[in-house]
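Listed below are the residues making up each chain.
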Amino acid sequence: MKFFNFHLMPYAAADLDAIEKNGSAWVTYSNSNYDPIKGAELYHNYLDELEYAEELGFDGVVLNEHHQTAYGMMPTPGVLAGALARSLKKIKIAILGRALPLVSNPLVIAEEYAMLDNLTRGRFIAGFVRGIGAEYHAMGVNPGFSHERFQEAHDLIMQAWTRPGPFEFVGKHYHMRYVNPWPRPYQDPHPPIWVPSQGSADTIKWAARMGYTYCQTLSPIAVVAGFFQMYRDAAEAAGRPASSDQLAWSNSIYIAETDEKALKEAKPHLEALTNRFLKMPIEMLLPPGYTSVESMKRIRAAKVVGKVQTAEDLVKSGVVLVGSPNTVREKLEEYQELAGFNTSLTKTQFGTMPTSQARTNAAAIAEELLPYFRAKAPTKAAAE
Amino acid sequence: MPEPQLQHLDMRGFALPYRRAGSGPTVLFLHGAGGAGGWTPWHAKLAESVDLIAPEHPGWDSAETPDWLDHTTDLAFFYLDVMDRLGLENAHLVGHSLGGWTAAEVAIRNTSRLSSLTLLCAVGLHADGMQAADGFLQPPEERVKTLVYSAQHQQMMLERALDPDLLDLSLKNSMIAAKLLWQPRNYNPQLSKWLHRIDVPTLLLWGADDQIAPPAIADAYEALIPDTKKVMIDECGHIPPMEQTAAFLSNLTAFVQENAA
C-alpha cells in the first residue's frame, strides 16, 4: 500500500466557540477572525510537516482547494505545491484538486498543473473535483451548471494537454479561440488524474470508465467498501478492470503507545475537525442543482448532515484509525481487505492539532505502518 | 366559478401547462421562483374581472425542464413566443418576483401585444446599497421570516416548507430557480440599459416590507421606466397576493381597467 500525507491546512488557531456561534466555519465566518501572524506560522508549520513526510518515507503529499473557510487555508493550492516542488526531491505531489467548475477559464488549471508537472519532473498528480456545495456560495458560481462545467472543463484541459495547439475549443460554457498552452505536461501524455468525491454514484462510475484513480473522502469504512465495489463493477463493465492502486481511501490516523492514550490525545482535534471545521447547514452543503433531486432527498432523509460525532463514534464506524500501533495495524489491514484499496491518503495533522504532536504522530505512522504495509496489497480488487 | 382545468399549450414540442378563466381584459400572470401554487382563491377572485392566464413556467411545478432554459432571458423569449401563439392583443402582463424580472425582459424586447405591465415585487435589478436576504442560504425557519411580514403568514409558509408531500416539488422548483437566479444574484446587469424602451404604462406594486426584492428595486425601476405608477402595500412582505390579497387585487384590477383598450 502507498501512503500519501494529506494536509487540509486548517486555521488551527480558530476560536471554536465563535465558529459554533456562527453555525459554520465556511462562507459566513468573518475573516476578521483570521490573524495573519498566526496564519503565516501555520503555513510554515504545515509545509515543514509535508517536507518531513518525505524524510519519513511517505510516497507523496496531498493538497486540496477550499474557499472562504477556516477549515482549510488553501484557496490556491498551486502556491503551496510550487513551494514543495523545490523542497521535496523524490516523492509525489498531488492536488486533489482544483475545482474545475469554479473557474471561468479552465486553461488556467491546465497551465498551472503543467507547470507543476515540469517543476517536479513528472512527480505531479492532477486532481479534478467539482468542489463542495459551499464553494458555489463562496465563489459566485451557479451550482445548476456544476456538472456541465465540470465535464466541459475536463474535456478542455485534457485536449489542451494531448492535442497539438493551437486549436479552437467551442463548448457551451467555455469558448476559446486559441488553445495552445505552454508548457505542456512533463509526463506523457499527461499527469495521472485522480478524482475525489463524497460518494456520488455518477462520479464513481465516470472515474471508473475513464480509468482515473478514485479517492473517497471522510466516510465510514463500510460505506467506502460499497463505493469501491461500485467502482470495480463499473470498471469491469467498461472493459478496463481496476487495480487496487486506483482506489484511494482518505482517512485520519493517530497512533500512540496505547489505545487509551491515542484516543485521549486525538479526541479534541478530531472533534474540532468534524463538529466545528466541517460543520455547515444543508443549504450551504447542497445548493440546488449541485446534485440531483434524488440524491438531495437521500441525503436529507439520512439526516447525517450536521450530526455531532464524538471521536469514539468516528473510530467505531471506521472513519478514522486511532490507537496503539497494533490496533491501528490490525484495523487498517482489516479495512484494506474489506474495501480493497491500495492507496491511503492519510491526515497526520487534523483540526487544532499542534505541529509537535502532528510530527510525533507522523513519525509513529511511518515507523509502525509504512514498512508493514509496503508490500501488502488487498487480496480482493480486480478479480472480484 | 369552478377551478379551470390545467391545459397544455404546444410550444414547438414543449407542452406549457396553464390555467385560463374569466372574461374581460387579458392578464398573463408570470409566477415567482416558488412556483405557480396552483389555482388559489386570489386567482379565482382576479378571474371575476379579467381573462386570467396563469402558466406554470418551464421547469417549474408540473412542467418539463427544457434543455434551452439557462437564463431568465430565455424565459422572456419563450413568453414572447407564447403571446404570439395565443394571439394576445392588448394584454396586461403581470410578473411576480422572478416572473416580474421576466416580464421586464419581455417588455424591453417587444410591447406590441401589451396594454400595460405590472411588476409585483420584481427582482431583476440591483439597487445600490440594497440589503436583500439570501434565500439560498437560509434554513426554512429563517427564510419565511424574510419572505412574509406577519407571524401568521410566516407560520403558514413554514408548514408548507416542511410538508413532506411538497418536498419533491419544492426541490424541483429550487433547482430551476437557482439556475436562473444564482449568479448574478437575482438580476441581469444588462437590463437597466434598456428599460427606457418600455412604452406601456407600468405599475410597480410592492410590499413595503419586502426583504427579497427590497423597495429600493422599485425605486430603480421607477427611475428607468418612462411611465410608472408606484404603489407600496403596508404590512406586506414579498408575497402580496397571499399576504395582502385585497390590496393586491384592488390595485391590480384598477390599473388594468384604467389601461384597458
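Scroll up for the structure.
Computed from a predicted structure; not experimentally measured. (Residues numbered from 1 in each chain as written. Chains lettered and ligands numbered in written order. Predicted model: local features only at pLDDT ≥ 70, side-chain atom pairs only at ≥ 80, totals over all residues. Heavy atoms only, no water.)

Another aspect to go through is the overall build of chain B. Summing up its helical and strand segments, chain B has nine helices and eight strands in all. Computed over the C-alpha atoms, the radius of gyration of chain B is 17 Å, within 12% of the 18 Å expected from 2.2 N^0.38 for a compact globule of 261 residues. Each of the three principal axes of chain B carries a C-alpha extent, and together these read 45 × 40 × 35 Å. Scored against the burial criterion, the 261 residues of chain B give a buried share of 55%. (Helix = DSSP H or I, 4+ residues; strand = E, 2+ residues; numbered from the N terminus. Rg over C-alpha atoms; globule rule 2.2 N^0.38 Å. Buried < 20%, exposed > 50% of the residue type's maximum accessible area, 1.4 Å probe, protein only.)

Moving on, we get to the overall build of chain A. Looking only at helices and strands, one finds 15 helices and 11 strands in chain A. For chain A, whose C-alpha radius of gyration is 20 Å, the value lies close to the compact-globule estimate of 21 Å for 384 residues. Principal-axis analysis of the C-alpha atoms gives chain A an extent of 60 × 50 × 45 Å. Going through the 384 residues of chain A one by one, you find that 58% of them count as buried. Here the analysis covers contacts within chain A between residues at least 6 apart in sequence; of these, 77% occur between residues at least 24 apart. Split by element, the accessible area of chain A, about 15600 Å² in all, is 54% carbon and sulfur. Charge separation in chain A, taken as the distance between the mean sites of 38 positive and 41 negative side-chain charges, equals 4 Å. (Contact = heavy atoms within 4.5 Å. Areas by Shrake-Rupley, 256 points an atom, 1.4 Å probe, with all protein chains shown as cover. Lys, Arg positive; Asp, Glu negative; His and termini not counted. Charge placed at Lys NZ, Arg CZ, Asp CG, Glu CD.)

Residue and element names in this part refer to chain B. Evaluated as defined, the whole model comprises one cavity of 30 Å³ or more. Taken as a whole, the largest cavity holds about 40 Å³ of empty space. Surrounding the largest cavity, Phe29, His31, Ala36, His43, Ala54 and Pro55 form its lining. Residue composition of the lining of the largest cavity, grouped by class: four nonpolar, two polar and no charged. (1 Å grid on protein atoms, 1.4 Å probe; cavity = no way out; pocket = protein on both sides within 12 Å on 5 of 7 lines; lining within 4 Å. Points joined across faces, edges and corners; volume = space filled by probe spheres on them. Nonpolar A, V, L, I, M, F, W, Y, C, P; charged D, E, K, R; others polar.)

All names here are of chain A. Listed as buried for helix 7 (residues 201-210) are Thr203, Ile204, Trp206, Ala207 and Ala208. Contacts from the buried residues of helix 7 go to helix 6 (146-162), strand 7 (193-197), strand 8 (213-216) and helix 8 (221-237). Just downstream of helix 7 lies Gly211, where phi reads positive at about 75 degrees.

Attention shifts here to the interface of chain B and chain A. Opposite the 17 residues of chain B that make contact, chain A presents 22 residues. Between chain B and chain A, roughly 1600 Å² of surface is buried when both sides are summed, and carbon and sulfur atoms account for 68% of that area. Interface area lost by chain B to chain A is led by Leu137, Met175 and Trp182 of chain B, which between them contribute 39%. Our enumeration of links across chain B and chain A arrives at two salt bridges. At the boundary of chain B with chain A, the tally comes to seven residue pairs in polar contact (both at pLDDT 80 or more). Of all the elements in the fold, those that place two or more residues in the side of chain B that touches chain A are helix 4 (140-147) and helix 6 (167-181) of chain B. For the side of chain B that touches chain A, the element with the most residues is helix 6 of chain B, which contributes eight residues. A breakdown of the residues in the side of chain B that touches chain A according to their chemical character gives nine nonpolar, three polar and five charged. (Buried area = accessible area lost by both parts, 1.4 Å probe. Salt bridge = Lys/Arg side-chain N within 4 Å of Asp/Glu carboxyl O. Polar contact = N/O pair within 3.5 Å; in protein donor to acceptor, adjacent residues only side chain to side chain.)

Within the secondary structure, Thr291 of chain A sits in the loop between helix 10 (282-285) and helix 11 (293-302). Looking at Thr291 of chain A, the relative accessible area reads 13%, which means it is buried. A distance of 3.3 Å separates the side chain of Thr291 of chain A from the side chain of Ser295 of chain A, its partner in a polar contact. Ignoring anything within four residues of it in the chain, the contact list for Thr291 of chain A reads His147, Leu286 and Met296 of chain A together with Met175 of chain B.

Time to look at unusual backbone geometry. Excluding glycine, a negative phi dihedral is what most residues carry, and trans is how most peptide bonds are arranged. The residue after Trp182 of chain A, namely Pro183 of chain A, is reached through a cis peptide bond having omega -5 degrees. Each neighbour pair has its own omega, and for Asp188 of chain A with Pro189 of chain A the value is 5 degrees, a cis peptide bond. Here Pro189 of chain A shows up in the loop between strand 6 (175-179) and strand 7. A positive phi angle, near 65 degrees, is found at Val27 of chain A, a position not held by glycine. A positive phi angle, close to 75 degrees, is found at Asn186 of chain B, a residue other than glycine. Residue position: Asn186 of chain B is located in the loop between helix 6 and strand 7 (202-207).

The next thing to look at is the packing of aromatic side chains. All names here are of chain A. Counting across every chain of the model gives 25 aromatic pairs over all chains. These aromatic residues form a ring-pair network of at least three members: Tyr214, Phe228, Tyr231, Trp249, Tyr335 and Phe341. Over the ring of Tyr178 we find Arg177, and its NZ or CZ is 4.5 Å from the ring centre. (Phe/Tyr/Trp six-rings, centres within 6.5 Å; stacked < 30°, edge-to-face > 60°. Lys NZ or Arg CZ within 6 Å of the ring centre and 35° of its normal.)

All names here are of chain A. For helix 2 (residues 36-56), spanning 21 residues, the distance from its first C-alpha to its last is 30 Å, which sits close to the expected 30 Å at 1.5 Å a residue. All of the buried residues along helix 2 are Gly39, Leu42, Asn45, Tyr46, Leu47, Glu49, Leu50, Tyr52, Ala53, Glu54 and Leu56. Of the surrounding elements, those touching the buried residues of helix 2 are strand 1 (2-6), strand 2 (60-63), helix 3 (77-87), helix 14 (355-368) and helix 15 (370-373). Sitting at the head of helix 2, Asp35 places a side-chain oxygen 2.8 Å from the backbone nitrogen of Ile37. Once helix 2 ends, the next one or two residues include Gly57, with phi positive near 100 degrees. (Expected span 1.5 Å × (residues − 1).)

On to the pairing of strand 8 of chain A, then. Residue and element names in this part refer to chain A. Judged by which residues are buried, strand 8 turns out to be covered on both faces: Thr213 and Cys215 on one side and Tyr214 and Gln216 on the other are all buried. As defined by bridge partners, strand 7 adjoins strand 8 across four bridges and the pair is classed as parallel. Directly across from Pro196, in strand 8, lies its bridge partner Cys215. Each parallel crossover has a hand, and for strand 7 linked through helix 7 to strand 8 it is right-handed. (Pairing = 2+ DSSP bridges. Right-handed = clockwise from strand over helix to strand, strands pointing away.)

On their own, these measurements won't tell you what the molecule is for.
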